[in-house]
Amino acid sequence: RRVLLLGEGNFSFAAALCGAPGTHVVATCYESQEQAAGRGGAARSIRRLRDRGAEVVFSVDCTKLKEHFLPGEREFDRIHFNFPHCGRKAGVVKNRELLACFFRSCAEVLAEQGEVQVALCNGQGGTPADQPRREWHNSWQIVAVAAGAGFVLSDVHPFKAETIHGYKCTGYRSQDKSFCVEGALNHIFTRSTPPPCLTPVSCKTQLGSQKVSFQVPQVLVDKINRGFLELNSSHPVRTIKEKLSAGLSQVFPLQNINSCLPLLHQGHPRGVCHSNIFWISLSPGEAPSSEETPQGLANAVWFSHFGQDTDRNVQEGCSIPEQFYLRPSLLPHARAGMRKGAFSPGTLHVLSGPVFRQCRIAPHSLPVFHEMLVVLAVSRGTEDSCIQMLVGSIETTTSSLHQAVSGLKPSISLREATSFGTELNDFAAFECQLGAIQHFLCVGTDPDPAGSCVGVIRTDADELKSSELVVVSASLNLDLLAMLLCGISDWRMLWTSDRRFLQQFPEGELRLFKSFSLYPPSYVHDISFWVPDGEEFDEVAFHSLARRVSGETVVSIRLRDSFQQPGTGRRSLCYRVTFQSCNRALGCREAAGMQLRLREEAQQRLGVTLR
């Protein structure tokens, strides 16, 4: 491993590090050889370094590292910079600029899997690890300046100078004087995955008897066909799905519905808010005509509760305006199977796959997640006992998984639908649009259902031809379950392309997740505009636009002010938009560029007038 040390004062740190097996040290300082030799103990440390085969290089500018090393010698596995400083009485702004230039320079000479370690005095970094923590504007803002060069903070721990044999700090105000390093912290940075390049993607899917292609909505380009539930996947959502299926199979005969479920639905979903749907246009010339739409397709793609008029039109073969949308639920497929009599009574049928819903930006609002739908046809009068058996199995499996991961037993409750007010998370609120719900399945200790609801239980007799049977179904949000079980605070982490996420779950083993991007910086911007006269402003559309423009880096949108102009009645809205990425570097300039694009797109697509 090639290790580069920058800004060495008396080379005592380099001398202590030198000699480790399998490590080649390149120790450097900003001063000339004559200036460096004048520091106390420097000459002795330099001799020791050279005797052990290390390289010692003088007059190295940490902001221009590429210029100091030949092309074949530029790749370092680790770069250390202890207590950087511009010198003399330089303030926080100049030292931020130094760090920004340093990190950009590191990006040119660091190995792909390498790391940059920066030690700072207590309080300088500006992270929650600093105790006491300085005000943000009075700190060096190290995580934000590193993000501008494509680095994330992956670890931070105390810099214990007393454990480094022979180390003596020096350089106080550019002099050969020591300074206080009590409470100092070592910040470890790694390369971030680059910003996603979301080029347009076309997707093919089965629609009735023919294959059609469609343009994937830009916000879903990096989430379509990820294969998290496939056999070779070690993703937590698959592990949880398999564990739940195994537990349920101990209680009921179980059959997995492995047939390819179509991504697209066709029609006009009644009861479901129009803005919650990802509407799709098929590629030119591919939309099936009403004559070509087979009866099986109609059964497969329309919700059973669209209304009598729609159902009658389908049965009579009347023409319906063609609209297509990404499936927001697996429930229509299950209901189509019920009508066909495809589900054997007494056997638990399991359907699973990703579903897509436009929603507001919030910590537990997922525009795409993996649904596990279990369906069981039972004799009328036995549905309550079957629900208890179903929930009991889910509770046993979930408790076992949670205890294995965290050592704690979670609180799992089956709550009556009538016990909740309006405070539901988006998953539960959307499920209410799909039909009546008897129970909510909640996991966690928080009595507030927002975020804790991971499943819903329904009973349904209308879809069956037999009056003696009732269907019990449970819809589970596997992504929310994975977050709760593995301690993942942000749903976006489940979809990261960074290899370090799946490396924490080898062979599908569930563990408590440790973030590889600590204390990600956030950037706050405001946007204010007049809404079109006489129109109700569509907040979901605004949030969806922010998702698309920012590449899912908007973490919060909050209404700050609503103003109605006297006389004209014009209405103005002001929103506070917070940009923050949980898994990749996001610099202030990139966030500012996203804010500008959001303003432009809002004006063009939502018809608002910017203020």
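These remarks concern the structure in this document. (Residues numbered from 1 in each chain as written. Predicted model: local features only at pLDDT ≥ 70, side-chain atom pairs only at ≥ 80, totals over all residues. Heavy atoms only, no water.)

### Here we look at the layout of surface pockets
Reported here for the second largest pocket is a volume of approximately 830 Å³. Lining of the second largest pocket is provided by 33 residues; of these, L229, E230, S352, G353 and P354 occupy positions nearest its centre. Every element with two or more residues in the lining of the second largest pocket is listed here: β8 (202–207), α6 (236–249) and β14 (348–356). At six residues, the largest contribution of residues to the lining of the second largest pocket is made by β14. Counted by class, the lining of the second largest pocket contains 14 nonpolar, ten polar and nine charged residues. (1 Å grid on protein atoms, 1.4 Å probe; cavity = no way out; pocket = protein on both sides within 12 Å on 5 of 7 lines; lining within 4 Å. Points joined across faces, edges and corners; volume = space filled by probe spheres on them. Helix = DSSP H or I, 4+ residues; strand = E, 2+ residues; numbered from the N terminus. Nonpolar A, V, L, I, M, F, W, Y, C, P; charged D, E, K, R; others polar.)

### Describing the packing of aromatic side chains
Two measures describe an aromatic ring pair: the distance that separates the ring centres and the angle between the ring planes. Under the counting rule described, the total for this entry stands at 23 aromatic pairs. Ring geometry for W530 against F563: centres 6.3 Å apart, planes inclined by 55 degrees, an arrangement best described as tilted. One end of the pair, W530, is in strand β20 (residues 523–530); the other, F563, is in strand β21 (residues 554–564), and 33 residues separate them in sequence. Overall, W530 belongs to the buried group, its relative accessible area being 11%. Taken together, F81, F102, F103, F151 and F189 form an aromatic cluster joined through their ring pairs. Taking the ring centre of W530 as reference, the NZ or CZ of R570 above it sits at 4.4 Å. (Phe/Tyr/Trp six-rings, centres within 6.5 Å; stacked < 30°, edge-to-face > 60°. Buried < 20%, exposed > 50% of the residue type's maximum accessible area, 1.4 Å probe, protein only. Lys NZ or Arg CZ within 6 Å of the ring centre and 35° of its normal.)

### Observations regarding the sheet that holds β21
An order of β21-β22-β20-β23 is seen for the four strands of this open sheet, with the pairing classed as antiparallel. Edge positions in the open sheet fall to β21 and β23 (609–610), since each of these has one partner strand only. Pairing geometry for β20 and β23, over two bridges, is antiparallel. Paired with W530 across the strands is T609, a residue of β23. (Pairing = 2+ DSSP bridges.)

### Quick look at the side chain of R191
Topologically, R191 is positioned in strand β7 (residues 185–191). For the buried residue R191, which engages in no salt bridge, the nearest side chain bearing the opposite charge is E112, 4.2 Å off. At 2.9 Å, the side chain of R191 and the backbone oxygen of A107 are in polar contact. For R191, the contacting residues outside a window of four places in its chain are C106, A107, L110, A111, E112, G114, G150, F151, V152 and R500. (Lys, Arg positive; Asp, Glu negative; His and termini not counted. Salt bridge = Lys/Arg side-chain N within 4 Å of Asp/Glu carboxyl O. Polar contact = N/O pair within 3.5 Å; in protein donor to acceptor, adjacent residues only side chain to side chain. Contact = heavy atoms within 4.5 Å.)

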